[in-house]
Amino acid sequence: MSIRFDGQVAIVTGAGGGLGRAHALALAARGAKVVVNDLGAARDGSGGSATAAEAVVAEIVAAGGEAMANAASVTDAAAVTAMAAEVMARWGRIDILVNNAGILRDKSFAKMELADFQLVMDVHLMGAVHCTKAVWDIMRAQNYGRIVMTTSSSGLFGNFGQANYGAAKMALVGLMQTLAIEGAKNDIRVNALAPTAHTRMTEDLGAALPLEALGPELVTPGLLHLVSRDAPTRAILAAGAGGFERAYVTLTQGDFAIGADAPEQVAARFDAISDRQNEIVPDMGAAQGMIELTKAKAALSS
């Protein structure tokens, strides 16, 4: 069955270029009315202009679609709330939110200024919070919503020189996990997308990546599934160069240690604690405590 978005309204942040542009064009091509949000800033977050967003809107309109440009900074909660209100006044609903806006200020942690750490957190994490908060009650009232957080392998697995970016990107996974639980009763499905693509954000990697194989449009099919009517929820989907993978946050069965020498027991049994046989993907954070209490009960009753 073809994935379509006829009659639906989508907001895509950071949609003036790269991944966001590819997402916006694809959503519009499949019937969605699209809000192209982009501050038009440089890669480090400086400056700003509506030109990039307006250019993507022009592409969509030229192809027969419907779109509107918005140049609000996702770091400005009031401006984001105003954007949502404008969308509702024009189209009466918001079905999809793609939190894609981002900047880079890469340096090793030793050399990184705290201001650069804070700004990256503000754009990636708080930007997604502001946008999600602005549409959350709208989606709850509709009993329908699809939200995607753009995470990264830098957050999931780490990357030298990106402590700020990695922290923000992993925080988005935690946000996704909780919002998926809270949104379930209103059919609000929340997922995370970890892309690998050649965009302005990755241009410094040069020969380290086969850039010709990493077009952002090759990531977008995964995004379209994550925001479709039949979307999963609480999925972390990795995508790049036409490849798609799932990433998971898992929990091992572990071991039990108490007493004066408990630290030494943990050290001695660390391989057993780390054994991934029978690991689980918890339904919620309480699963950790349940596993620990079960081990304690079994150990103390034996």
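Residues numbered from 1 in each chain as written. Predicted model: local features only at pLDDT ≥ 70, side-chain atom pairs only at ≥ 80, totals over all residues. Heavy atoms only, no water.

Participant: I tried to follow the packing of aromatic side chains on my own but got confused; where do I start?
Facilitator: Note on aromatic pairs: each is described by the distance of the centres and the angle between the planes. Under the criterion given, the structure shown has one aromatic pair. When the centroid spacing of 6.4 Å and the interplanar angle of 75° are considered together, the rings of phenylalanine 109 and phenylalanine 117 count as edge-to-face. The side chain of arginine 229 reaches across the aromatic face of tyrosine 144, ending 5.2 Å from its centre. (Phe/Tyr/Trp six-rings, centres within 6.5 Å; stacked < 30°, edge-to-face > 60°. Lys NZ or Arg CZ within 6 Å of the ring centre and 35° of its normal.)

Participant: Would you explain the sheet that holds strand E1 (residues 9-13) in this entry?
Facilitator: The strands making up a sheet associate through backbone hydrogen bonding, with each pair oriented either parallel or antiparallel. Spatial ordering of the open sheet is given by E3-E2-E1-E4-E5-E6-E7-E8, a layout of eight strands whose pairing is mixed. Two strands lie at the open edges of the sheet, namely strand E3 (66-70) and strand E8 (243-247), each paired on one side alone. The average undirected angle you get between the axes of adjacent strands in this sheet is 20°. Bridging between E1 and strand E2 (residues 33-37) involves five bridges; their strand directions are parallel. Bridging from a neighbouring strand, threonine 13 pairs with asparagine 37 of E2. Running over the sheet, helix H3 (residues 77-91) touches E1, E2 and E3 and is turned about 155° from E3. (Pairing = 2+ DSSP bridges. Helix = DSSP H or I, 4+ residues; strand = E, 2+ residues; numbered from the N terminus. Axes fitted to C-alpha atoms, helices over the stretch in contact; angles between N-to-C directions. Contact = heavy atoms within 4.5 Å.)

Participant: How do you make sense of the side chain of asparagine 70 when you look at a structure like this?
Facilitator: The topology assignment puts asparagine 70 in strand E3. Exposure remark for asparagine 70: the relative accessible area of 10% places this residue in the buried category. A polar atom in the side chain of asparagine 70 sits 2.9 Å from the backbone nitrogen of alanine 72. If near-sequence neighbours (up to four positions away) are discounted, asparagine 70 is found in contact with Val35, Val36, Asn37, Asp38, Ala53, Met83 and Glu86. (Buried < 20%, exposed > 50% of the residue type's maximum accessible area, 1.4 Å probe, protein only. Polar contact = N/O pair within 3.5 Å; in protein donor to acceptor, adjacent residues only side chain to side chain.)

Participant: How should the pattern of salt bridges be read in this particular structure?
Facilitator: Should the charged atoms of two oppositely charged side chains come close, the side chains can pair. Scanning the entire structure with this criterion turns up nine salt bridges. Across the salt bridge formed by aspartate 116 and arginine 105, the nearest N and O atoms sit 2.9 Å from each other. With a gap of eleven residues between them, aspartate 116 in helix H4 (residues 114-142) and arginine 105 in the loop between strand E4 (96-99) and H4 connect regions that are remote in the sequence. A salt bridge links aspartate 137 to arginine 140, with the shortest nitrogen-to-oxygen separation between them at 3.4 Å. (Salt bridge = Lys/Arg side-chain N within 4 Å of Asp/Glu carboxyl O.)

Participant: Help me understand unusual backbone geometry in this model?
Facilitator: Among all residues except glycine, the phi angle is most often negative; among peptide bonds, the trans geometry is most common. Here asparagine 143, not a glycine, exhibits a phi torsion of approximately 55°, which is positive. With respect to the helices and strands, the residue asparagine 143 is situated in the loop between H4 and strand E5 (145-150). The class of asparagine 143 is partly exposed, set by a relative accessible area of 43%.

Participant: Where do I start with the pairing of E1 in this structure?
Facilitator: Looking down a regular strand, the side chains alternate between one sheet face and the other. Most of E1 is tucked away: five of the five residues are buried. Burial along E1 is two-sided: Val9, Ile11 and Thr13 facing one way and Ala10 and Val12 facing the other are all buried. A crossover connection joins E1 to the parallel E2 through helix H1 (residues 18-29); in handedness this β-α-β unit is right-handed. As defined by bridge partners, E1 adjoins E4 across three bridges and the pair is classed as parallel. Paired with isoleucine 11 across the strands is leucine 97, a residue of E4. (Right-handed = clockwise from strand over helix to strand, strands pointing away.)

Participant: So what exactly am I meant to see when it comes to the packing of H4 against helix H6 (residues 163-183) here?
Facilitator: Two quantities define a packed helix pair, namely the angle between the axes and the distance from one axis to the other. Direction vectors running N to C along H4 and H6 enclose 20°, while the axes themselves pass 8 Å from each other. Here H6 runs roughly parallel to H4, going by the angle between their axes. As for how H4 packs across H6, the hand of that crossing is right-handed. Contacts from Asp116, Phe117, Val120, Met121, His124, Leu125, Ala128, Val129, Thr132 and Trp136 in H4 reach Ala163, Asn164, Tyr165, Ala167, Ala168, Lys169, Ala171, Leu172, Leu175, Leu179, Glu182 and Gly183 in H6. A class-by-class count of the residues in the contact of H4 with H6 yields 15 nonpolar, four polar and three charged. (Parallel < 35°, antiparallel > 145°, perpendicular 65-115°, else oblique. Left-handed = near helix turned anticlockwise from the far one by under 90°. Nonpolar A, V, L, I, M, F, W, Y, C, P; charged D, E, K, R; others polar.)

Participant: Help me understand the nonpolar core, please; the structure alone is not making it clear to me.
Facilitator: When a protein is soluble and globular, its nonpolar side chains tend to lie buried together. Core analysis: the biggest nonpolar cluster contains 43 residues, and Ile11, Val87, Ile94, Ile147, Met149 and Val190 have the highest contact counts within it. Counting residues per element, the ones that place at least two in this core are E1, H3, H4, E5, H6, strand E6 (188-196) and strand E7 (236-240). Broken down by element, this core gets its largest block of residues, eleven residues, from H4. Setting aside residues up to four positions removed in sequence, valine 87 forms contacts with Val9, Ile11, Val35, Met68, Gly92, Arg93 and Ile94. With 29 residues, the next largest nonpolar core counts Ala26, Ala28, Ala67 and Leu224 among its residues. (Core = buried A, V, L, I, M, F, W, Y, C linked by side-chain atoms within 4.5 Å.)

Participant: Mind showing me how you'd approach the packing of H1 against helix H2 (residues 51-62) here?
Facilitator: Relative to each other, H1 and H2 sit at 25°, their axes nearing to 10 Å. With respect to H2, the axis of H1 lies roughly parallel. Read as a crossing pair, H1 and H2 show a hand that is right-handed. Side by side, H1 and H2 meet where Arg21, Ala24, Leu25 and Ala28 of the first sit next to Val56, Glu59 and Ile60 of the second.

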